[in-house]
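Close look at the chain arrangement
The residues making up each chain are set out below.
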Amino acid sequence: MSEAIRLVVVDDHDVVRKGVIAYLMTEPMFDIVGEASSGNEGAKLVLKEKPDVVLMDLMMENGDGIEATKQIMSELPECKIIILTSYYDDEKVFPALEAGAFSYMLKTSSADEIASAIKKAAKGETHIEPKVANKMMTRFRSKEKKLHDDLTGRELEVLMCIGDGLTNQEISEKLFIGIKTVKTHVSNVLSKLAVQDRTQAAVYAHKNGLIRSEDS
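What you are looking at is a predicted structure, and each value in this text was computed from that prediction instead of being measured.

Section: unusual backbone geometry
- Even without being a glycine, Asn62 presents a positive backbone phi close to 60°.
- Looking at the secondary structure, you find Asn62 in the loop between β3 (53-56) and α3 (65-75).
- The exposure class of Asn62 is exposed, given its relative accessible area of 52%.
- Unlike most non-glycine residues, Ala194 shows phi in positive territory, near 60°.
- Counting through the fold element by element, Ala194 comes out in the loop between α9 (179-193) and α10 (198-207).
- Taking the relative accessible area as the measure of exposure, Ala194 reaches 62% and is therefore exposed.

Now the structure itself:
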């Protein structure tokens, strides 16, 4: 028989916590080494017992699941934390995953699904609730947006001129706008691209193919 998977269950609802534990105890490969009803208590218990997997609720008094996850991950990064919650809104999902949660499940999951996720986690395989996975993909796609997508048409023209190495005076003459207006556009460009100076802006322009041909 393979080595038992050591577990800690953290949930402030006694009925839920006791119910999950009662089911898991029917599985011979699970060894419940502790339970807790708050994030702070759970973090202390996990750091003491060093389980393989933790089932972690999110919304709890005396320390929520996100803070507990951060604390555990900072001191016990090899531990696999499975978030088991009723919430899947952005304000809960992404902070939990960013804190180091390994898997994310909803309490609507069946007992068999929870058991399966625990076994997967012990083998280093993650389990993400489909609704949460969809949110992650949507957020990933949104991050593909480029910084220069937020530039106005005129600001983009100014950036392209900077990429060509033009001075403010040359940009003014090329675009038929005043020096003061050029300076305002340059300032906006640097701010929106989160760069410190024209040189960095020029590098950004070249990296993103935002340069004009000599004839343009």
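Concerning the side chain of Thr85
- You can see Thr85 is positioned in strand β4 (residues 80-85).
- At 3.1 Å, the side chain of Thr85 and the backbone nitrogen of Tyr87 are in polar contact.

Let's talk about the environment of Ser37
- Tracing the sequence through the fold places Ser37 in the loop between β2 (30-36) and α2 (39-49).
- Separated by 68 residues in the primary sequence, Ser37 and Met105 have C-alpha atoms spaced 18 Å apart.

Considerations on the pattern of salt bridges
- Evaluated as defined, the whole model comprises 11 salt bridges.
- Note that Glu35 and Arg17 form a salt bridge whose closest N and O atoms lie 2.7 Å from each other. Of this pair, Glu35 sits in strand β2 while Arg17 sits in helix α1 (residues 14-24); the two residues are 18 residues apart in sequence, bridging distant segments of the chain.
- A residue is classified by how much of its surface remains accessible, and Glu35, at 30% relative accessible area, is partly exposed.
- Using a relative accessible area of 7% as the deciding quantity, one classes Arg17 as buried.
- Taken together, the shared-partner salt bridges in this structure form one network comprising Asp14, Arg17, Lys18 and Glu35.

Examining the packing of helix α7 (residues 153-163) against α10
- Where α7 contacts α10, the two axes come as close as 8 Å, and the packing angle between them is 100°. Regarding the angle of α7 to α10, the classification is roughly perpendicular. Seen from α7, the contacting residues are Leu159, Ile162 and Gly163; seen from α10, they are Arg198, Ala201, Ala202, Tyr204, Ala205 and His206.
- Along the lines of polarity and charge, the residues of the contact of α7 with α10 split into 6 nonpolar, 2 polar and 1 charged.

Remarks on empty space enclosed by the protein
- For the coordinates displayed, the defined rule picks out 1 cavity of 30 Å³ or more.
- Taken together, Val9, Val10, Asp11, Val20, Leu55, Met56, Asp57 and Leu84 make up the full set of residues lining the largest cavity.
- Those elements that provide at least two residues to the lining of the largest cavity are β1 (5-10) and β3.
- When grouped by side-chain class, the residues that make up the lining of the largest cavity number 6 nonpolar, no polar and 2 charged.

A few points about the sheet that holds β2
- Taken in spatial order, the 5 strands of this open sheet run β2-β1-β3-β4-β5, and their pairing is parallel. In this open sheet, the two strands that pair with only one neighbour each are β2 and β5 (103-106). Across the sheet, the mean angle from the axis of one strand to that of its neighbour is 20°, orientation sign disregarded.
- Along the sheet, α2 contacts β1, β2 and β3; its crossing angle with β2, the most-contacted strand, is approximately 140°.

Observations regarding the side chain of Asp11
- Turning to its location among the elements, Asp11 is positioned in the loop between β1 and α1.
- A polar contact is formed between the side chain of Asp11 and the backbone nitrogen of His13, at a distance of 2.8 Å.
- Apart from residues lying up to four places away in sequence, Asp11 is in contact with Val16, Arg17, Ala36, Ser37, Asp57, Met60 and Lys107.

As for the packing of aromatic side chains
- Evaluation of the coordinates by the stated rule reveals 0 aromatic pairs.
- One Lys or Arg, Lys80, reaches over the ring of Phe102 and ends 5.4 Å from the middle of that ring.

Digging into the nonpolar core
- Among the nonpolar cores identified, the biggest contains 28 residues, and Val54, Met56, Ile72, Cys79, Ile81, Ile83 and Tyr104 are the most heavily contacted of them.
- For this core, the elements supplying multiple residues, two or more each, are β1, α2, β3, α3, β4, α4 (90-99) and β5.
- Take this core: its biggest share by element is 5 residues, from α4.
- With near-sequence residues (within four places) excluded, Met56 lies in contact with Val10, Gly65, Ala68, Thr69, Ile72, Ile81, Ile82, Ile83 and Leu84.
- Judged by nonpolar contacts, the second largest core, of 21 residues, contains Leu175, Ile177, Val189 and Val195.

Conventions we followed
Along each chain, residue indices are assigned from 1 in the same order as the chain's sequence is written. Given that the model is predicted, a residue must reach a pLDDT of at least 70 before its local features are reported, and side-chain atom pairs must reach 80 or more before they are shown or counted; all residues, however, enter totals for whole chains, interfaces and linings. Heavy atoms throughout the structure, all of them, feed into the side-chain values; hydrogens and water do not. Counting from the N terminus, the helices are the DSSP runs of H or I reaching at least four residues and the strands are the DSSP runs of E reaching at least two. Accessible area is worked out with a 1.4 Å probe on protein chains only. A residue is then buried under 20% of its type maximum, exposed over 50%, and partly exposed in between. Residues adjacent in sequence count toward polar contacts only when both atoms are side-chain atoms; beyond that, a polar contact is any pair of N or O atoms within 3.5 Å, and within protein one must be able to donate a hydrogen and the other to accept it. Every case where a carboxyl oxygen of Asp or Glu lies within 4 Å of a side-chain nitrogen of Lys or Arg is listed as a salt bridge. Axis geometry follows a simple rule: fit a line to the C-alpha atoms, using only the stretch in contact for helices, then measure angles between N-to-C directions, giving values from 0 to 180 degrees. Each angle receives one of four descriptions, namely roughly parallel if under 35 degrees, roughly antiparallel if over 145, roughly perpendicular if within 65 to 115, and oblique otherwise. Contacts between residues were defined by any pair of non-hydrogen atoms, one from each residue, lying within 4.5 Å. Under the scheme applied, nonpolar residues are Ala, Val, Leu, Ile, Met, Phe, Trp, Tyr, Cys and Pro; charged residues are Asp, Glu, Lys and Arg; polar residues are all the others, including Gly. Using protein atoms alone on a 1 Å grid, points that fit a 1.4 Å probe yet trap it form a cavity, whereas open point sets bounded by protein on both sides within 12 Å along at least five of seven lines form a pocket; residues with an atom within 4 Å of a point count as lining. Grid points are joined across faces, edges and corners, and a volume is the space filled by probe spheres set on the points. Pairing between strands requires that DSSP locate at least two bridges from one strand to the other. Aromatic contacts are taken between Phe, Tyr and Trp rings whose centres are within 6.5 Å, Trp giving its six-membered ring; a plane angle under 30 degrees counts as stacked, one over 60 as edge-to-face, and the others as tilted. Whether a charge sits over a ring depends on NZ of Lys or CZ of Arg being within 6 Å of the ring centre and within 35 degrees of the ring normal. Only buried Ala, Val, Leu, Ile, Met, Phe, Trp, Tyr and Cys residues count toward a nonpolar core, and they belong to the same one when joined by side-chain atoms within 4.5 Å.

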